[in-house]
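# Working through the structure, step by step
Given next are the chains, with one letter for each unit.
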Amino acid sequence: MGRKRPLTHHRLLRDNRGAAVAVFGIGALAFLALGVRAVSSSVPAQERVGPAGVTEVVAPEEGAGQMPGAQDRLAQDELDVRVRRFLDESRRRWRDQNVPEEDGRLLYDLIVDHGYTRALEVGTSTGHSAIWIAWALSKTGGKLITIEIDEGRYRQALRNFEEAGLSDYIDARLANAHDLVPALEGPFDFVFVDADKDWYTRYFRAILPKLEVGGCFTAHNVRGRRTGWLREFLEVLESTPNLETEIRGSRRSGVSVSFKRG
Ligand SMILES: C[S@@+](CC[C@H](N)C(=O)[O-])C[C@H]1O[C@@H](n2cnc3c(N)ncnc32)[C@H](O)[C@@H]1O
């Protein structure tokens, strides 16, 4: 047993060097952990090259706030390559009243730019627009419900979704949308209607209460003379309170884009 020495500040530091090192180590680790959290919780939209020539702003994916793992990045990059290859190879094969590429890109941009995740499509056909929508949803962590009444087209769409690598993002239903749309629970934040035109207004009325504020309702083939169903549909859109509508998309077909503001 040695002689007791007075506990000076200097000695305290020296005798507790081990403890001090430990405390410092823990503090450093905590600092690093907090730092990483702070960085990860503000994961910004990322820029990535998407459809040829388009720089995507990628909304934080599901589980936003966590650093996207290298694995996830790799999987997303592989998916991008697969979808792009499928779209390139099938460019001249769409002949079932499918949307032109320009309109597919518009749907893609709307979803990615706004970070939409709960999408509904009425009128799948063989799946061209659904592929653009689902590709965008693969970035936002969302999913698409798409409805088709024709069994042959529905089955071809399933094959296309598989080939494009997007089946996991699509819930394809073989059904009459007249019955299914009113029965779907929602909510939705993105809707694309591209089926029987004379039913557009009814689809809109059935969907509007299930559309989230900030959500977007789009419809295809809205350019042309304002007569018949088109006149009725556009008048309903334009007279709906808290709905902002404009016509965008291809010159041949056109897409109405309506945002629900309240
Ligand atoms: C213009 S095409 C859709 C094209 C598709 N959006 C694309 O880009 O690939 C319209 C589709 O709506 C389907 N359709 C028409 N009436 C329907 C209904 N009542 N319920 C479900 N699908 C319907 C048709 O069979 C047709 O395949």
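Residues numbered from 1 in each chain as written. Predicted model: local features only at pLDDT ≥ 70, side-chain atom pairs only at ≥ 80, totals over all residues.

To continue, consider the overall build of the chain. A tally of regular secondary structure across the chain gives nine helices and nine strands. Out of the 262 residues in the chain, the part that is buried amounts to 34%. Looking at the chain alone, contacts between residues at least 24 apart form 70% of all its contacts between residues at least 6 apart. (Helix = DSSP H or I, 4+ residues; strand = E, 2+ residues; numbered from the N terminus. Buried ≥ 20, exposed ≤ 12 C-beta atoms within 10 Å, placed from the backbone. Contact = placed C-beta atoms within 7 Å.)

Taken together, 21 residues form the shell around the ligand, and within it N98, G123, S125, S129 and A177 come nearest. Contributing elements (two or more residues each) for the shell around the ligand: helix 5 (128-140), strand 4 (143-148) and helix 7 (177-183). (Near = placed C-beta within 6 Å.)

With respect to the element layout, N176 can be found in the loop between strand 5 (170-174) and helix 7. C-alpha of N176 to C-alpha of I149: the two residues are 27 residues apart in sequence and 5.2 Å apart in space.

Moving on to the packing of helix 8 (residues 200-207) against helix 9 (residues 228-239). At a closest axis distance of 9 Å, the pairing of helix 8 and helix 9 adopts a crossing angle of 25°. Here helix 8 is positioned roughly parallel relative to helix 9, judged by the angle of their axes. Side by side, helix 8 and helix 9 meet where Y200, T201 and F204 of the first sit next to W229, E232, F233 and V236 of the second. (Axes fitted to C-alpha atoms, helices over the stretch in contact; angles between N-to-C directions. Parallel < 35°, antiparallel > 145°, perpendicular 65-115°, else oblique.)

With 52 residues, the main nonpolar core has I111, A119, I133, A134, L144, L166 and V191 as its most contacted residues. Considering every element that reaches this core, the biggest residue donor is helix 5, with eight residues. With residues up to four places along the chain from it excluded, the contact list for I133 reads L107, I111, A119, E121, L144 and F192. (Core = buried A, V, L, I, M, F, W, Y, C linked by C-beta atoms within 7 Å.)

Once that is clear, we can look at the confidence of the model for the chain. Chain-level statistics for the chain give a pLDDT mean of 83 and a share of 74% at 70 or above. Scored below 50 in pLDDT, residues 1-50 makes 24 contacts in the model with residues more than four places away or belonging to other chains. Predicted confidence for residues 52-65 stays below pLDDT 50, and this span has 33 contacts to residues more than four positions away or in other chains. (pLDDT = per-residue confidence, 0-100.)

Let us now look at unusual backbone geometry. The linkage connecting G186 with the following residue, P187, adopts the cis geometry, with an omega of -5°. Looking at the element boundaries, P187 is found in the loop between helix 7 and strand 6 (188-193). Of note in this structure, Q97 is not a glycine but carries a positive phi near 60°. Tracing the backbone shows Q97 in the loop between helix 3 (70-90) and helix 4 (101-114). Classification of Q97 as partly exposed rests on a count of 14 C-beta atoms within 10 Å.

This brings us to the sheet that holds strand 8 (residues 243-248). Taken in spatial order, the seven strands of this open sheet run 5-4-3-6-7-9-8, and their pairing is mixed. Edge positions in the sheet fall to strand 5 and strand 8, since each has one partner strand and no second. Mean inter-strand twist for the sheet, computed between neighbouring axes without regard to direction, equals 15°. Summarising the sheet, strand 3 (residues 118-122) and strand 6 pair through four bridges and their orientation is parallel. Bridge pairing in strand 6 links E121 to F192. Sheet contacts for helix 5: strand 3, strand 4, strand 5 and strand 6; angle to strand 4, the most-contacted strand, approximately 165°. (Pairing = 2+ DSSP bridges.)

With that settled, consider the pairing of strand 9 (residues 255-260). Examined bridge by bridge, strand 7 (residues 211-220) and strand 9 share five bridges and lie antiparallel to one another. By the bridge assignment for strand 9, C216 is matched with F259. Note: strand 8 against strand 9, six bridges, orientation antiparallel. The residue bridging E244 from the neighbouring strand is F259, located in strand 9. The turn joining strand 8 and strand 9, which pair antiparallel and follow one another in sequence, is formed by six residues; a positive phi near 85° is taken by G249.

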